[in-house]
Amino acid sequence: MAAGLGLGLSAVVVLLLWTVSPYPVGGADEALRTAADLWLLAHGAQLVRQETLTGPVAPVGVTPLLLTAVPVWLLWRATREALDARPTADDDYGPPEVAVWVSGGYLLVTAAVLASAAGGPLEAEPVSAACHLPLFALLVTGLCAARCLPPHAPTRSWAGLLARLPDPARTRLRAALRPVTRERAIVAVQAAGTATVVLCAGGAALLAAALVWNVRAVFGAFPQLAGNASGYLGLLLLTVALLPNAALWAASYALGPGFTLGAGSVAGPLATTAAPPLPPFPLLAAVPEAGSGSVPEWCLTGLVPLLGGLLCGWWVGRSEVATGPAARPGPGPGPGAGPRPRPGPGSGSGRAPDGVPGLRGTAVTVLLAALCCGAVLALLTASASGPLGDGTLAHVGPRWWQAGGAACAWMAAVGLPTALWAGWWTRYRRRRATAAAAQALQAAVLAARGYGPDPAWHTDEVRRARWSVMKSASGGLMPDFAPDDFDGHLDGHHGLERSAAGGTERGRRSMSPSAPRTDADRPAPAPERPLPGRAAVARTDTPLRGDTRPSADGSSPVGTPARPEETVPAAPAK
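This section reports on the structure supplied with the text.

Topic: the environment of Thr-68
Here comes step 1: As for its placement among the helices and strands, Thr-68 is situated in helix α3 (residues 65–85).
Here comes step 2: Residue Thr-68 is classed as buried on the basis of its relative accessible area of 13%.
Here comes step 3: Taking C-alpha positions, Thr-68 is 9.9 Å from Gly-6, a pair spaced 62 residues apart along the chain.

Here you go:
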């Protein structure tokens, strides 16, 4: 079903172009054969042109990746529907068997299409088709089946595979793969996927900027290659189908190795050599001119791998393999309940054997992520490049091993310091949050036991009492007016009168600073009562300690301290 849908979609597009073309080459059978060849090319098979101007045979091996996305989606969906339709109680018919059966059916349709498309001016090479088509089908169905496996099924399969090996080989393999745990492998795959997406998106952004910068040359290529509306449409569809290839070429350009346009030419950020004469294709207008790049170009292109490495390191540094499991406050109700200790090295966490949390785990995970990112980018660039003829066009596009190696080096060089810093920062913030939570828990426990601040201490009545005590202890230095309510509900008329009286008193005292004070100047003592919510404090209705003038009754100096057993007088009620 998946093969038939993909082939039908390719046939519809080719027949549409053949129908609207004013000068079609061949009949409908030739159009259908061309559609079959394009469908095989989308799977990675190399085509061969039988009659050319320069020789008898010319290979065509550049796969339009946008055409490849269609059979990938159809094959993935067919595998997923087959997995959903299988009986769940049958353990012998699992995801691997489903992937094999779906791939077998898909390859049968592919073999029939390969046989029917032979004999035309453009046909698939048998050796290339026999290698690429089964690999394509097994890769897509295998990934879909692996995604639907239970969580611990790969671990059990790996253990069963190790059990079949001889004892010396099994011991050496386990010792070599001991740092690669399941948690680190999962985080490494996630970080590598993030970095790969960033690199591809950065390459697409560079391609878009170059096309906009050379927009006149891009639109000027259409009249030179096509002379009518059907030619414009075909050229536009071919350009759109090759956009993912051009984005990967731009990603390889940003990584440093660049790409080639044949005859040993190289287009890279450091230098671009002269390329052989090429047709005025719209995407080729974005290729930089021959010469060395400038500093702004280096900075702009270097942002793409730098951002990919930063996100890769950030992903690893914030994971548990670098920071360890999060510490949680203990459930005990006592004030000494603190954070739980983190598990040791044997508990499957990211703690390193040397006691530094996540140091070894971070390094191993970043290296695994760099290797995965380099492998994926090498596979993509190998699919996006290939031959377009013989001689000077024997290879166009980036070299897969150069692009993959550069991506691996960038991710390791930028991602490792970033992951170490992100892990340290995450552990630091976690310790602060744990300490704050423990302090809040201890304060709550103390408040429940009756310790800590008393809410009654901040009521308006207690504030008035404290104000009266301070005014009595000042020895008449403070103005003689009652404080307003702190909630602002005091009558405004009485407040104005008290303010006016206080202002008159302050003016009188300021004009005669040396006038002797009498008992009338002192406030009347209030009946003693203890403050609510607090223990009784010492009597402080005497003036300040520094004043040694005798009191009104001449009993003792003003600075004499009161006895501790006396209580604080409260202010008279309003």
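Some words on the pattern of salt bridges
Here comes step 1: The final tally for this structure, using the stated rule, is four salt bridges.
Here comes step 2: Measuring nitrogen to oxygen at the nearest pair gives 3.8 Å for the salt bridge that ties Asp-84 to Arg-80. With Asp-84 and Arg-80 both in helix α3 and four residues apart, the pair spans about one turn of that helix.
Here comes step 3: The class for Asp-84 is exposed, based on a relative accessible area of 56%.

Re the layout of surface pockets
Here comes step 1: Considering only enclosed or pocket space, the second largest pocket measures out at about 2,000 Å³ in volume.
Here comes step 2: Looking at the second largest pocket, it is lined by 49 residues, and the ones nearest its centre are Leu-139, Leu-143, Val-189, Val-376 and Leu-379.
Here comes step 3: Elements that contribute at least two residues to the lining of the second largest pocket include exactly α3, α5 (126–147), α6 (153–163), α7 (167–176), α8 (182–213) and α14 (359–384).
Here comes step 4: The biggest single contributor to the lining of the second largest pocket is α5, with nine residues.
Here comes step 5: Along the lines of polarity and charge, the residues of the lining of the second largest pocket split into 31 nonpolar, 14 polar and four charged.

Points about the nonpolar core
Taken as a class, soluble globular proteins show a tendency for nonpolar side chains to be buried jointly.
Here comes step 1: Counting residues in each nonpolar core, the largest one holds 45 residues, and the members touching the most others are Leu-199, Cys-373 and Met-411.
Here comes step 2: If sequence neighbours within four positions are ignored, Cys-373 has contacts with Ala-192, Ala-195, Thr-196, Leu-199, Ala-407 and Met-411.
Here comes step 3: Core analysis: the next-biggest nonpolar cluster, separate from the first, contains 24 residues, Leu-47, Leu-83, Tyr-106 and Ala-129 among them.

Quick notes on the environment of Gly-6
Here comes step 1: Examined against the element boundaries, Gly-6 turns out to sit in helix α1 (residues 2–20).
Here comes step 2: As for Gly-6 and Leu-75, which are separated by 69 residues in sequence, their C-alpha atoms are 9.3 Å apart.
Here comes step 3: Ignoring any residue separated from it by four or fewer positions in sequence, one finds Gly-6 in contact with Trp-39 and Leu-74.

Comments concerning a nonpolar patch on the surface
Here comes step 1: Together, Leu-9, Val-13, Leu-16, Val-20, Leu-233 and Leu-237 make up an exposed nonpolar region whose accessible area comes to about 470 Å².
Here comes step 2: Elements that contribute at least two residues to the nonpolar patch include exactly α1 and α10 (229–241).
Here comes step 3: Considering every element that reaches the nonpolar patch, the biggest residue donor is α1, with four residues.

Describing the packing of aromatic side chains
Ring pairs (aromatic) are described by centroid distance and by the angle formed between their planes.
Here comes step 1: In the structure shown here, the tally under the stated rule is eight aromatic pairs.
Here comes step 2: Seen from their ring centres, Trp-424 and Trp-425 are 6.1 Å apart, and the 45° between their planes marks the pair as tilted.
Here comes step 3: The exposure class of Trp-425 is partly exposed, given its relative accessible area of 33%.
Here comes step 4: With a centroid separation of 5.7 Å and 10° between ring planes, the pair formed by Trp-424 and Tyr-428 is classed as stacked. Placement of both Trp-424 and Tyr-428 in helix α15 (residues 400–448) is noted, with a separation of four residues, approximately one turn of the helix.
Here comes step 5: A relative accessible area of 42% places Trp-424 in the partly exposed class.
Here comes step 6: Here a set of aromatic residues connected by ring pairs shows up, and it is made of Trp-421, Trp-424, Trp-425 and Tyr-428.

Some words on the side chain of Asp-37
Here comes step 1: Mapped onto the elements, Asp-37 comes out in helix α2 (residues 28–42).
Here comes step 2: For the buried Asp-37, no salt bridge is present, and the opposite-charge side chain at shortest range is Arg-33, 6.3 Å distant.
Here comes step 3: Non-local contacts of Asp-37, meaning those with residues more than four positions away in its chain, are made with Leu-47, Ala-117, Leu-122, Glu-123 and Ala-124.

So, how was this worked out
Residues numbered from 1 in each chain as written. Predicted model: local features only at pLDDT ≥ 70, side-chain atom pairs only at ≥ 80, totals over all residues. Heavy atoms only, no water. Helix = DSSP H or I, 4+ residues; strand = E, 2+ residues; numbered from the N terminus. Buried < 20%, exposed > 50% of the residue type's maximum accessible area, 1.4 Å probe, protein only. Salt bridge = Lys/Arg side-chain N within 4 Å of Asp/Glu carboxyl O. 1 Å grid on protein atoms, 1.4 Å probe; cavity = no way out; pocket = protein on both sides within 12 Å on 5 of 7 lines; lining within 4 Å. Points joined across faces, edges and corners; volume = space filled by probe spheres on them. Nonpolar A, V, L, I, M, F, W, Y, C, P; charged D, E, K, R; others polar. Core = buried A, V, L, I, M, F, W, Y, C linked by side-chain atoms within 4.5 Å. Contact = heavy atoms within 4.5 Å. Patch = residues over 30% accessible without salt bridge, like charges linked within 9 Å, V, L, I, M, F, W, Y side chains within 5 Å. Areas by Shrake-Rupley, 256 points an atom, 1.4 Å probe, with all protein chains shown as cover. Phe/Tyr/Trp six-rings, centres within 6.5 Å; stacked < 30°, edge-to-face > 60°. Lys, Arg positive; Asp, Glu negative; His and termini not counted.

Note that every value here comes from positions in space, so none of it alone points to a role or purpose.
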